[in-house]
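# Secondary and tertiary structure notes
Chain residues, written in single-letter form:
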Amino acid sequence: MEESKRQAEDIIKIKSLQFAKRILKLYRHLCETKKEFVLAKQILRSGTSIGANVTEAKCAVSRREFLVKMQIAFKECVETLFWLELLESDSYITTNEYDSLNKDCEEIRKILSAITKSTKSKASKV
């Protein structure tokens, strides 16, 4: 495995785990403080699924399986961005909370996009 690919995978694993921890805190906040359970469950599922799929990708038995898991993580990330926007637009989270979470989620999305594009490119050259 190339060193740069390994570094990107390590970075995405760390960032997605840190983000999942933030999503857990947000989930608790939404449930305990705002008494919002439906949206809290939605963002909990998508926000923690990013890291779960990244972790599964690291154990992939083929490049194709790796790519599929990373694409799922990317889609979950995009879904999480939607839930964050909805929560902020309906005042469940503050603009500052939104900005911070959105920034982290966008960074993860960009890394996942780069990983999937790079993996597709290498697969087409084989």
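Further up the page is the structure itself.
Predicted model, so just to flag it, every value in this text is computed and none were measured. Within each chain, residues carry numbers counting from 1 in the order of the written sequence. Reporting of local features is limited, given that this is a predicted model, to residues whose pLDDT is at least 70; pairs of side-chain atoms are given and counted only at 80 or more, and all residues count toward the totals for whole chains, interfaces and linings. Excluded from the side-chain calculation are hydrogens and water; included are all heavy atoms of the structure.

Once that is clear, we can look at the side chain of threonine 119. Looking at the element boundaries, threonine 119 is found in helix H4 (residues 95–125). In this view, threonine 119 contacts Arg63, Phe66 and Leu67; residues no more than four positions away in its chain are not counted. Secondary structure counts use DSSP, requiring at least four H or I residues in a row for a helix and at least two E residues in a row for a strand, with both numbered from the N terminus. Residues are treated as being in contact if the distance between any of their heavy atoms lies within 4.5 Å.

Moving on to unusual backbone geometry. Phi is positive for lysine 35, close to 55 degrees, though the residue is something other than glycine. Tracing the backbone shows lysine 35 in the loop between helix H1 (3–32) and helix H2 (38–58). Notably, serine 91 is not glycine yet its phi reads approximately 65 degrees, a positive angle.

The subject of this paragraph is the nonpolar core. The biggest cluster of nonpolar side chains holds 29 residues, and the ones touching the most others in it are Ile12, Leu26, Ile43, Met70, Leu84 and Leu112. Broken down by secondary-structure element, the contributors of at least two residues to this core are H1, H2, helix H3 (63–89) and H4. Top element by residues in this core is H3. It accounts for eight residues. Beyond its immediate stretch of four places on either side in the chain, leucine 112 contacts Ile12, Ile50, Val54, Met70, Ala73, Phe74 and Cys77. What we call a nonpolar core is a set of buried Ala, Val, Leu, Ile, Met, Phe, Trp, Tyr and Cys residues that are connected through their side-chain atoms within 4.5 Å. Only protein chains enter the calculation, and the probe is 1.4 Å; a residue is then buried if its accessible area is under 20% of its type maximum, exposed if over 50%, and partly exposed in between.

Looking now at the pattern of salt bridges. Think of a salt bridge as a Lys or Arg side-chain nitrogen and an Asp or Glu carboxyl oxygen that are within 4 Å of each other. Applying the stated criterion across every chain, the model contains five salt bridges. For lysine 15, the salt bridge is made with glutamate 107, and the minimal N-O distance between the two is 3.1 Å. Highlighted residues: lysine 15 in helix H1 and glutamate 107 in helix H4, separated in sequence by 92 residues. Measuring nitrogen to oxygen at the nearest pair gives 2.9 Å for the salt bridge that ties glutamate 106 to arginine 109. Remark: arginine 109 and glutamate 106 occur in helix H4; sequence separation between them is three residues, near one turn of the helix.

Helix span, as expected, comes to 1.5 Å for every residue beyond the first. Helix length check: H3, at 27 residues, gives a terminal C-alpha distance of 39 Å against a target of 39 Å (1.5 Å per residue), a fit within 8%. Along H3, the residues that are buried comprise Phe66, Leu67, Lys69, Met70, Ala73, Glu76, Cys77, Thr80, Leu81, Trp83, Leu84 and Leu87. Directly after H3, the chain includes serine 91, whose backbone phi takes a positive value near 65 degrees.

Moving on, we come to the packing of aromatic side chains. Side-chain rings of Phe, Tyr and Trp (the six-membered ring for Trp) are treated as a pair once their centres are within 6.5 Å; stacked means planes under 30 degrees apart, edge-to-face means over 60, and tilted covers the remaining angles. Tallied over the entire structure, the rule returns one aromatic pair. With a centroid separation of 5.0 Å and an interplanar angle of 70 degrees, the aromatic rings of phenylalanine 82 and tryptophan 83 are classed as edge-to-face.

Here phenylalanine 19 lies in helix H1. The exposure class of phenylalanine 19 is buried, given its relative accessible area of 1%. For phenylalanine 19 and lysine 75, which are 56 residues apart along the polypeptide, the C-alpha to C-alpha distance reads 15 Å. Each residue touching phenylalanine 19, except ones within four places of it in the same chain, is listed here: Gly47, Ile50, Thr80, Leu101, Asp104, Cys105 and Ile108.

That's the geometry; what it means functionally is another story.
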